[in-house]
Structure formats: structure tokens, C-alpha cells
Amino acid sequence: MPGAPQCCCVPFFFFFLLVWWWPNFCLGGDPYVFFDWTVSYITAAPLGTKQEVKDQIGSFFYFPSQNYQRAAGGYGGIIISNRDVIPLPFLMPDGDITLFIGDWYTKNHKKQRKDIENGKDLGVPDGILINGFGPYHYDAAVVPEGIAYQTINVEPGKTYRLRVHNVGTSTSLNFRIQNHNLLLVETEGSYTVQQNYTNMDIHVGQSYSFLVTMDQNASSDYYIVASPQFVNSSDWDKAKGVGILHYSNSLGPASGPLPDPPNVLDTYFSMNQARSIRWNVSAGAARPNPQGSFKYGEITVTDVYVILNRPAELIDGKWRTTLNGISYLPPATPLKLAQQFNISGVYKLDFPYRLMKRPAKLDTSVINGSYKAFMEIIFQNNDTNVQSYHLDGYAFFVVGMDFGVWTENSRGTYNKWDGVARSTTQVFPGAWTAILVYLDNPGIWNLRSENLNSWYLGLEVYVNVVNPEIDQSEPLLPDNTIYCGLLSSLQKDQAQRVKFSSAASMSGAGRRVLLAFVVISVVCYLFNEVKDV
């Protein structure tokens with residue numbers, strides 16, 4: 001839904017949500033809003049057959065998506081743990097630590113937004129933050145004194161799970177900890193083959209879990225570093241995120257040079273690193289059966305989309321980005337409301353399978369996905385920057401990536417056995433990335449660039465997945481639904497506080513619809529009331 005709060009990404013499958021309480025509904029003048037979110041694994045029977053349908057585990061984060069607001073912060077972590085009956089594919093760590101890394105500009109998000117609208121590049125960020133903190137004073141020529149920095153306190157000999165998220169605007173970052181190995185175990189809800197890395201490129205919107213053992217001596221503290229990748233200007237040297245790993249028995253502060261990154265311009269190294277990340281097909285995740293029991297390589301592909309992005313260009317006098325020559329135009333009436341009320345003309349199910357030989361245009365063009373179809377999507381990056389693509393509501397299989405132009409013969413290089421399932425993948429400049437996704441989650445789902453500047457200018461599309469049996473049985477909308485756009489005439493007077501205390505007694509389908517339209521209500525409110533935020 002245009003402007004809806006996005007999650008990167010907990011795929012909210014049917015019946016995963018038991019109750020969504022909104023005890024306080026905030027309006028524009030309120031500085032805070034508080035939510036209690038109760039989640040449970042339940043048995044439901046929307047079609048008469050009792051079943052526990054699907055859930056998800058892993059490391060994710062949430063953030064605001066309206067009007068470039070993510071650049072102002074407001075993000076946080078979501079951790080979904082295994083049920084007790086499903087063992088972890090590694091020993092329980094001694095601690096669990098979440099780290100948010102990302103580029104940061106002192107220019108506020110409104111000014112950044114205006115620059116982007118005028119075709120200006122964001123330029124070098126003023127810094128890289130770790131958990132909202134600036135860099136440790138590692139170099140007096142680069143970092144002034146008095147900057148608050150992040151310290152992670154650990155015990156010698158113990159092993160910690162570090163969940164690292166790139167929550168920035170547009171900068172790919174290389175993450176590393178001085179003298180410590182990063183044992184990769186999970187990415188965005190999928191357990192991976194466990195491999196040691198000395199560093200990891202984490203692109204915008206991506207999340208990784210590492211096990212890090214405190215096996216070094218404590219003669220001093222150690223640097224935690226997040227530094228930009230794929231940049232060729234010396235101005236970027238000052239943009240480094242630096243925190244401190246502090247052993248409880250450390251004898252002194254960290255000193256000396258930062259641990260070296262890989263060659264900052266070596267996209268081949270980064271691509272080979274990405275290819276090395278594989279699915280742990282023998283591990284169970286949210287379900288007792290192994291992840292590899294879903295044999296994606298044996299499923300017949302139904303639809304193929306080759307989606308090409310280009311640098312920003314002028315369309316009708318405005319700078320816009322495009323996918324297959326279409327820059328997404330958000331409608332005043334949210335897509336889900338238009339679908340629910342069968343309103344024609346709000347969007348079109350005509351997104352092209354390939355780039356068409358026609359001028360670029362603004363349009364509300366949506367991919368028409370078939371329920372339980374298997375879709376192949378190839379992202380072709382004709383820009384000069386790395387793009388990250390994210391699909392709401394799904395984990396997809398990353399089966400291939402390479403430099404050059406994708407062709408039918410490229411399928412011969414696909415990994416059809418243990419390509420990792422995740423929700424965000426990178427596409428290198430002048431290269432392609434191929435994914436396979438099983439469309440078993442009905443809804444209208446956002447497929448977008450996680451690079452905020454590209455996304456804001458239109459680099460997104462929606463995928464419409466309809467299950468006729470379930471969608472025909474959806475209950476009526478609640479009385480407190482907020483309407484907007486072409487449905488504004490249906491709006492009723494609303495109380496400022498909204499409580500859904502009866503949600504616990506609803507059917508599984510009812511809870512799903514309630515959640516969807518609570519989000520729609522927030523979308524409409526934001527669209528109508530805070531366009532200038």
C-alpha cells in the first residue's frame with residue numbers, strides 16, 4: 001500500500017498475527033505513540049480445514065516509509081525466535097546483540113528530498129552511524145573529540161550472536177571486527193551454511209546474523225568498523241563508522257589503524273562473496289522440516305520478468321527513476337481499498353515483462369501475479385550504483401548473479417539447490433541478479449529499491465496476488481476504517497483513540513483484514529494530513 005509502514009521484512013503470512021492492539025492512536029501533534037504487539041502461533045480454519053498455515057524466524061527491522069522519512073531515523077529491530085520444539089542449527093549463544101549501521105547526513109530529510117527532486121546527487125554522507133552513534137576517536141585528523149560512540153561489552157571466551165542491519169539511505173557498507181571472525185549463520189529469516197568471514201559487504205536494507213567468539217587476548221579493546229564500499233573519492237575516507245568491542249578484562253583502549261577493508265572498488269570480490277552465501281538445507285527454521293524440503297529447483301516457472309532500472313531521467317519535467325520504463329505513481333486511493341471496492345482506474349495490471357520501446361512514463365502499473373505460481377524475476381542494473389531490491393511479504397531464492405546482460409543462456413549458471421532464501425538482494429552496476437519466488441501469500445506486495453533516493457523517485461512496483469477462495473470470504477471493513485481518495489465520501493467521524501479489543505475473538509481471515517485496514521487507515525491519514533512532513 002502506498003506510504004504504508006514498511007518492514008524489511010517480516011513476511012506476515014496468514015494466521016501469524018493473533019492480536020494487533022493499538023491502545024494509543026497518535027495524531028500529528030502527538031510526540032509519541034505506544035503499541036503493544038502480541039503475536040502467537042495458532043491453529044485456524046478459514047476454509048474449513050484446521051491447520052497451522054505459516055510463520056517466520058530470524059532477524060529483521062522496521063522503519064518509516066512515508067516521504068523519505070527513513071533518512072531521519074525511526075528504525076528498530078524485530079527478532080523472531082524458533083519455537084522450543086525446533087532446535088537452532090548451532091549452540092545457543094551467550095548473548096544477542098543488534099547493530100544498526102548506516103550512512104547519515106546532517107542535512108535533514110526534507111532538504112535531502114528536495115535535492116533529489118532537483119536531480120542533485122546525495123554526495124558523501126557526513127558519517128556512518130553504528131546504533132545511532134558517531135565514530136570512536138580513532139584519528140584526531142578525522143574525528144573530533146567529544147563524539148559519542150557505541151561500545152559493546154563482552155566477556156572473554158563467550159560467543160555472541162550479532163544481528164547487523166544496514167538501515168542507511170543509499171550506501172553499501174563493509175562490516176568487520178578487528179582480529180575477530182564472523183561466522184555467518186542467518187540472513188533475513190533463513191539459516192545459512194556456516195562459513196567464517198573476516199568482513200561482510202552489507203547492502204542497504206540487508207540483515208545478517210553472525211556468531212562471534214571472544215577468543216582474543218584482552219591487551220586492548222577492538223575496533224568495530226562499517227565503511228563505505230564502491231566509492232572512488234578520497235572525500236569518503238572520513239565517512240567511517242567505528243565502535244568499540246570491549247572485553248571485561250581489557251587492559252586499555254583500542255589504538256592504531258583500523259582493520260583494512262577489501263578493495264573498495266572491487267565489485268568482483270563482493271559478488272563472489274555474495275555467491276558464497278548458501279542456504280542450510282538441512283536446518284529447520286520456522287517448521288520442523290528442513291529448509292531444503294522445499295525443492296525450488298524442481299518447480300516449473302510460470303512467469304518471467306526481466307526488470308531493468310536506469311539512472312534518474314526527466315519525465316514530464318521531473319526527475320524520476322524507472323523500472324522497465326515506468327516510474328511508479330502512488331494513487332490517492334490505496335491499492336487494497338481499490339481492490340476491495342472493485343474500483344476501476346486506480347491501477348492497471350499491465351506491468352511489462354520486458355523494457356518496452358516507448359518513452360518512459362509515470363504510471364500506477366502493477367504486476368499481475370497468479371496465486372501459487374512460481375515467478376522468475378531478473379533485475380538488470382543499468383545504473384552506476386549498487387541497487388538493493390526488497391519484496392514485502394515473501395522470502396525469495398537468490399539463484400544467480402553476474403556481470404553483463406542477462407540472456408536465456410544465463411539460467412545455466414543458476415544455483416537450483418541451495419540458493420539462499422531472503423527478502424533483499426543486491427544488484428551490482430552493469431550486472432544482473434535472478435530470483436525465484438513462490439507466490440503463496442495473497443495480497444498486494446511492494447517490490448522496491450531499498451536505496452532511498454531511487455525509491456523516492458519511483459523505483460518500485462506492486463505485485464498483486466489473488467486467492468479467489470479466501471478473498472471472496474473477506475469480512476466487512478470495521479466501522480472505524482479511514483477512507484481516502486475516491487472513497488472519501490464514505491468517511492465517518494473518527495475518535496482519536498482506536499481500540500481493537502475484540503480482535504482476539506476474530507477468525508484468522510478477520511484478523512488479517514483488520515491488520516490490513518488499520519495500516520490503510522494510517523496511510524490515508526498520512527496522505528491527507530501530513531504531506532508536508
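In short, a report on the structure.

Reading guide: rules and limits
- Residues numbered from 1 in each chain as written.
- Predicted model: local features only at pLDDT ≥ 70, side-chain atom pairs only at ≥ 80, totals over all residues.
- Heavy atoms only, no water.
- Helix = DSSP H or I, 4+ residues; strand = E, 2+ residues; numbered from the N terminus.
- Buried < 20%, exposed > 50% of the residue type's maximum accessible area, 1.4 Å probe, protein only.
- Contact = heavy atoms within 4.5 Å.
- Areas by Shrake-Rupley, 256 points an atom, 1.4 Å probe, with all protein chains shown as cover.
- Pairing = 2+ DSSP bridges.
- Salt bridge = Lys/Arg side-chain N within 4 Å of Asp/Glu carboxyl O.

Here's the deal with the overall build of the chain
Scanning the chain from N- to C-terminus turns up six helices and 30 strands. Buried positions account for 55% of the 533 residues belonging to the chain. Residue pairs at least 24 apart in sequence account for 77% of intrachain contacts in the chain once pairs closer than 6 positions are excluded. When the accessible area of the chain is evaluated, it comes to approximately 22,800 Å², of which 52% is carbon and sulfur surface.

What to know about the pairing of strand β28 (residues 431–438)
Judged by how many residues are buried, β28 sits mostly within the fold: seven of eight residues are covered. Where strand β23 (residues 374–381) and β28 come together, eight bridges link them in antiparallel fashion. Of the residues in β28, the one forming a bridge with Phe379 is Thr433. The pairing of strand β25 (residues 396–403) with β28 spans six bridges and is antiparallel. Within β28, the position partnered with Gly400 by the bridge is Ala434.

Some thoughts on the pattern of salt bridges
Taken as a whole, this structure holds 16 salt bridges when the rule is applied. Measuring nitrogen to oxygen at the nearest pair gives 2.8 Å for the salt bridge that ties Glu188 to Arg422. Of this pair, Glu188 sits in the loop between β11 (182–187) and β12 (190–197) while Arg422 is found in strand β26 (residues 421–422), placing the two residues 234 residues apart along the sequence. A salt bridge links Glu313 to Arg310, with the nearest nitrogen and oxygen atoms 3.4 Å apart. For Arg310, a relative accessible area of 26% puts it in the partly exposed group. Within the structure, one salt-bridge network assembled from shared partners comprises Arg70, Asp392, Arg448 and Glu450.

Side note on unusual backbone geometry
Positive phi, normally seen in glycine, also occurs at Asn179, with a value near 65°. If you trace the backbone, Asn179 turns up in the loop between β10 (173–177) and β11. Although it is not a glycine, Asn324 adopts a positive phi angle of roughly 50°. Within the secondary structure, Asn324 sits in the loop between β19 (318–320) and β20 (326–328). Using a relative accessible area of 1% as the deciding quantity, one classes Asn324 as buried.

Some thoughts on the environment of Tyr296
Checked against the element boundaries, Tyr296 lands in the loop between α2 (267–275) and β17 (303–309). Here Tyr296 falls in the buried class, since its relative accessible area comes to 1%. In this structure, Tyr296 is in contact with Phe374, Phe397, Val399, Asn415, Lys416, Trp417, Asp418, Gly419 and Leu436, ignoring residues within four places of it in sequence.

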